[in-house]
Amino acid sequence: MAIIHRTTLNPTKLELLTAWLPSRPWYLGTDGAPVLSRNGGFRLDDPRGEVGIEFLVATDVSGGRPVAYHVPLSYRGAPLEGAEEALIGTSEHGVLGRRWVYDGTYDPVLVAELLALLQKRAEPQAQSLSDTPDPTVVVHFDGTDTEAGAAPAAVAEGPDGTRVTLEGDRRPALRVTRVLRPADGPPADASGHVTAGWRSPDGDGLRAVFASLVTTGS
């Protein structure tokens, strides 16, 4: 069970993301830094209780139209070996001390739990409450048996999002949506997908596909 502490984080998540987002190939901004607000998301529990796992929605209002970005984040008490390129930054937590904040698509703990969620083996948790399931996060899974290793074998980022290929004979992969658009459905070849909600800057409730599970074959 993840414990949500009511404390400070310096720099904040949004401050870290303001510097990091423009470096991503799926970032849609052009001139200047993004102007971000946190508008939704959910969490998953690390069974060992060591890694924080959050799926955060950060909305950029710097352009003519708000853009909602989905950023899976992992929080660690020590650096993740071999994941230097995935480090978003470090921050001082008021209770836990220094935390290393990573793009979670490169973190084997987050990837394993996202796979478990997509196969209905993990329960989504509320973003800001301890030990509280989030029933608004909905998983669709066709029951296909997909054997996969916990570690991401390869991570590819492009303008359409992030693809995390997993270990396994059938080359299962996670497709992580980065720019959230309510009108977009899951890929046609998805055996599972998860939808969740967030709020627009005007307060409207929105939903979209956050991630999908696909099998590319042997």
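Figured I'd write up the structure that's included with this text.

Analysis parameters
- Here the residue numbers are simple positions, counted from 1 along each chain's written sequence.
- The model is predicted, so local features are restricted to residues of pLDDT at least 70 and side-chain atom pairs to those at 80 or more, both for listing and for counting; the totals for chains, interfaces and linings are taken over all residues.
- Water and hydrogen atoms play no part in the side-chain values, which are based on all heavy atoms of the structure.
- Secondary structure elements are defined from DSSP: runs of H or I of at least 4 residues count as helices, runs of E of at least 2 residues count as strands, and each element is numbered from the N terminus.
- Relative accessibility under 20% of the residue-type maximum defines a buried residue, over 50% an exposed one, and the middle range a partly exposed one, all with a 1.4 Å probe and only protein chains included.
- Every residue pair with non-hydrogen atoms within 4.5 Å of one another is taken to be in contact.
- To be clear on the numbers: accessible area is Shrake-Rupley with a 1.4 Å probe, and residue cover counts the displayed protein chains and nothing else.
- For this analysis, a salt bridge means a side-chain nitrogen from Lys or Arg found within 4 Å of a carboxyl oxygen belonging to Asp or Glu.

### Some words on the overall build of the protein chain
Each helix and strand in the protein chain was counted, giving two helices and 12 strands. Traced from its N-terminal end to its C-terminal end, the protein chain shows the element sequence β-α-β-β-β-β-β-α-β-β-β-β-β-β. Per-residue burial over the protein chain gives 45% buried out of 218 residues. Considering only intrachain contacts with a sequence separation of at least 6, the fraction spanning at least 24 residues in the protein chain is 59%. Surface accessibility of the protein chain: about 10400 Å² in total, with carbon and sulfur atoms responsible for 49%.

### With respect to unusual backbone geometry
One non-glycine residue, Lys-120, lies in the positive phi region at around 60°. Among the structural elements, Lys-120 can be located in the loop between α2 (108-118) and β7 (138-141).

### Section: the pattern of salt bridges
Once the charged atoms of two side chains with opposite charge are near each other, the side chains can pair. Inspection of every chain in the model, using the stated rule, returns 10 salt bridges. A salt bridge links Glu-54 to Lys-13; its shortest N-O distance comes to 2.8 Å. Of this pair, Glu-54 sits in strand β3 (residues 52-60) while Lys-13 sits in helix α1 (residues 13-20), and the two are 41 residues apart along the sequence. For Lys-13, a relative accessible area of 17% translates into the label buried. Between Glu-54 and Arg-43 there is a salt bridge, and its shortest N-O distance comes to 3.4 Å. With Glu-54 in strand β3 and Arg-43 in strand β2 (residues 36-44), the pair connects residues that are 11 residues apart, well separated along the chain. Grouping residues by exposure puts Glu-54 and Arg-43 together as buried. Each of Lys-13, Arg-38, Arg-43 and Glu-54 takes part in salt bridges that share partners, so that together they form one network.

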